[in-house]
Every structure is written in structure tokens, then in C-alpha cells.
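A structural walkthrough
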Amino acid sequence: MPKLVILSGAGLSAESGLRTFRDQNGLWENHSVNAVCNGATWRANFGLVHQFYNERRTQLATATPNAAHRQIADWQRRYKTVILTQNVDDLLERAGCRDVIHLHGFLPEMTCAACGHTWNIGYRAWKKEAPCPRCQSVRDARPRIVFFGEPAPAYRLLWESFAALTSRDVAVIIGTSGVVLPITELALQSRGYKILNNLAPEPAIPGHLFDEVFYQPATQAAGEIDRLVRKRLEPSPGLAG
Ligand SMILES: [Zn+2]
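The model shown is predicted, which means the values in this text are computed figures rather than measured ones. (Residues numbered from 1 in each chain as written. Predicted model: local features only at pLDDT ≥ 70, side-chain atom pairs only at ≥ 80, totals over all residues. Heavy atoms only, no water.)

1. What about the coordination of the zinc ion?
Put simply, the ideal angle at a metal is 109.5 degrees for four donors in tetrahedral geometry and 90 or 180 degrees for six donors in octahedral geometry. So the rule is basically this: Note that water is not among the atoms considered, so a metal site may appear incomplete; the donors listed are N, O and S atoms within 2.8 Å of the metal, with 3.2 Å applied to Na, K and Ca. In these descriptions, tetrahedral denotes four donors with every angle between 85 and 135 degrees, square planar four donors and octahedral six donors with opposite donors over 155 degrees apart and the rest between 65 and 115, and irregular any other case. Secondary structure elements are taken from DSSP: a helix is a run of H or I of four residues or more, a strand is a run of E of two residues or more, and numbering for both begins at the N terminus. Working definition: with a 1.4 Å probe on protein chains only, accessible area under 20% of the residue-type maximum means buried, over 50% means exposed, and in between means partly exposed.
Protein-derived coordination of the zinc ion comes from Cys112 (SG), Cys115 (SG), Cys132 (SG) and Cys135 (SG), at a distance range of 2.3 Å. One way to put it: the four donor atoms around the zinc ion meet at angles of 103 to 118°, and that makes the site tetrahedral. Taken in sequence order, the residues that donate to the zinc ion follow the motif C-x2-C-x16-C-x2-C. Here the residue Cys115 occupies a position in the loop between strand E6 (105–112) and strand E7 (118–120), and Cys132 occupies one in the loop between E7 and strand E8 (141–145), the gap between them amounting to 17 residues. Take Cys115: its relative accessible area is 26%, and that puts it in the partly exposed class.

Written as C-alpha cells, this is what we have:
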């Protein structure tokens, strides 16, 4: 059975009202990214880091999945699908996706830097009165977000997923600048049919590496990409072989 691999980034959730720092000169919702997303300084900036992610979490409660999230969920119901995302929001899950691989962490979850315990706090702000449920540490509680300078263990799944694609399979890349992830190398490594959808050409992603390119908002491109995906993964029986 042919496979479908989806890799999404900020552009997928932008139309749901969630912004990320790539939009605006190293600032993420008016905060310096380096101050709130840094593996070397998060303890020194403890209060600010928690305030920032608390705001992102409560904001997430007011966001809703868009047509592109729902299209991905629909693909997963129809095909053998691997969903990878750089996004830390849960909009794919709320659109109906299962087993989403969050490469850079998951906003509704906290993790403990002391004992490794992970727990879900939904869309609530984390407060010091709520220490790690397992070891009771307060100062080790942090958002389950991969900060800059920290390892991202799920990258292994990303490389494996792209490398495993055959010429019968399809990869769809949606809304990513190619600044954090090496999209060029991933595309070169994959033998699948490759579709790219970004708002506009990105300097780090050569469009010619892809079989089809859509430079438009994800919700606008979703229908046409769906048509291509169907064509590749549901070949008409009369033409088989
Ligand atoms: Zn703990």
C-alpha cells in the first residue's frame, strides 16, 4: 500500500491565528526568541519562559483547526499516513489526526527536567503551586518544547520517513521555511512524489526539487493538493500495471 508522509510547519497554523517568530524578525509575539526558547538560558529566564508559554497555551484554547488541518486528517483516514509537524499546537489532533509526531514538542504538555515525567495541563497556565506530579520539583518544571540548542529525538523519525518513500509514495510539505529543518536534504533523500506548499518561495527551499509547488495559503492549496494525492495513491484500476 503506497504511503503518504506529511511534514508541516508554522504556515499550516497561521490561518488559525497562531503566529510564530519566523513572521517577524526574531520576535515571537513581541518576545525575543532567544530569551524564551533557549536550552542554555531557560532556567535563568524561568519566570519569563513560563509566562510566555502560558500565554501561548491559553491563546491555543481560542484557536480552531482550519481546512488544511482537516484535509490532513482526511488523508490519514484514507491512506497509510505519517504526520510530522514542527508545530507545538494541537490543531492537527483537534481536526481528527492521530499519532502526530511533534518534532519540536507539544504545548499542552509539561515535562520535568529532573525526573523526565511528562504531563498534560491542557490550555491552562502553569503555576508554581503545581510542581512535577512525580517528584514535586518546581524549578525543573518546563514546557515540553524543544528549545534551541537541545536535541530533537523525533528527527530520527523524520529522516526515516522520508528515506523510506518509494516512487509510488507521496510526500507533502506544508508551511515551512526550511530555516530550521533541512528541507532540501530531505527532498533529495526521498524518492517519493513531492508536493510543496508555502505562502511564497523560500530562499532555503529550491522549488525545482519538487514535483508540484503551490505558493499560496494552505487552506487555498488543500483542494488541489488533495486531487494530486488521490491521483497518485488511488490509481484507476483500468490503468494498473
Ligand atoms: Zn519530576
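2. Details of the sheet that holds E8
What counts, and what does not: DSSP calls a pair of strands paired once it identifies at least 2 bridges connecting them. In this analysis, axes come from line fits to C-alpha atoms, helices being fitted only over the stretch in contact, and the angle between any two N-to-C directions falls in the range 0 to 180 degrees.
Here we have three strands laid out as an open sheet, ordered E7-E6-E8, and antiparallel in their pairing. Each end of this open sheet is capped by a strand with a single partner; those strands are E7 and E8. Put simply, the sheet's adjacent strands are angled 40° from each other on average, direction ignored. Sheet topology places E6 next to E8; four bridges connect them, and they run antiparallel. Bridging from a neighbouring strand, Gly105 pairs with Ile145 of E8.

3. A short note on unusual backbone geometry
Not every positive phi belongs to a glycine, and Asp99 is a case in point at roughly 55°. Structurally, Asp99 is set in the loop between helix H5 (91–94) and strand E5 (101–102). One non-glycine residue, Gln136, lies in the positive phi region at around 70°. In this structure, Gln136 sits in the loop between E7 and E8. Overall, Gln136 belongs to the partly exposed group, its relative accessible area being 49%.

4. Some words on the environment of Gly96
Among the structural elements, Gly96 can be located in the loop between H5 and E5. Taking the relative accessible area as the measure of exposure, Gly96 reaches 33% and is therefore partly exposed. Put simply, Gly96 and Ile195 are 99 residues apart on the chain and 22 Å apart in space, counted from C-alpha to C-alpha.

5. Concerning the domain arrangement of the protein
It is common to report an interface's size as the accessible area lost on association of the parts. Inclusion rule: Domain start and end points were adopted from an automatic or database domain assignment. Contact between two residues is taken to exist if any of their heavy atoms lie within 4.5 Å; hydrogens are not considered. When two parts are put together, the accessible area they lose, computed with a 1.4 Å probe and summed over both, is reported as buried area. Within this document, salt bridges are pairs made up of a side-chain nitrogen of Lys or Arg and a carboxyl oxygen of Asp or Glu, the two lying within 4 Å of each other. We define a polar contact as two N or O atoms separated by no more than 3.5 Å, with the added condition that, inside protein, one atom must be a possible hydrogen donor and the other a possible acceptor, whereas residues neighbouring each other in sequence contribute only through side-chain atom pairs.
Here the protein is described as being made up of domain 1 (1–17 + 65–104 + 151–236) and domain 2 (19–62 + 106–145). Centre-to-centre separation of domain 1 and domain 2, based on C-alpha positions: 26 Å. Residue-level contacts link 13 residues of domain 1 with twelve residues of domain 2. Taking both sides of the interface into account, the surface hidden between domain 1 and domain 2 amounts to around 960 Å²; carbon and sulfur atoms contribute 59%. Taken as a group, Val88, Asp90 and Arg94 account for 42% of the area that domain 1 buries against domain 2, more than any other trio of residues on that side. At the boundary of domain 1 and domain 2, one finds zero salt bridges. Connecting domain 1 to domain 2 are four residue pairs in polar contact (both at pLDDT 80 or more).

6. With respect to the sheet that holds strand E11 (residues 212–215)
Sheet architecture is open: six strands sit in the order E5-E4-E1-E9-E10-E11, paired in parallel fashion. What marks the edges here is a single partner per strand, and that holds for E5 and E11. In this sheet, strand E10 (residues 193–198) lies alongside strand E9 (residues 170–174) in parallel orientation, the contact comprising five bridges. Residue Ala171 lies in a different strand from E10, and its bridge partner there is Lys194. Its contacts with the sheet put helix H4 (residues 67–78) on strand E1 (3–8), strand E4 (80–85) and E9, and the angle it makes with E4 is roughly 145°. Seen against the sheet, helix H6 (residues 155–163) touches E1, E4, E5 and E9 and runs at an angle of roughly 140° to E4.

7. Some details on H4
Our working rule: In a helix, the anticipated span is given by 1.5 Å times the number of residues less one.
For H4, spanning twelve residues, the distance from its first C-alpha to its last is 17 Å, which sits close to the expected 16 Å at 1.5 Å a residue. Taken residue by residue, H4 has Ala68, His69, Gln71, Ile72, Ala73, Trp75 and Gln76 as its buried positions. In the core, the buried residues of H4 are packed alongside E1, helix H1 (10–14), E4, H5, E9 and helix H8 (218–233). At the N-terminal boundary of H4, the capping side chain belongs to Asn66, with an oxygen 2.8 Å from the backbone nitrogen of Ala68.

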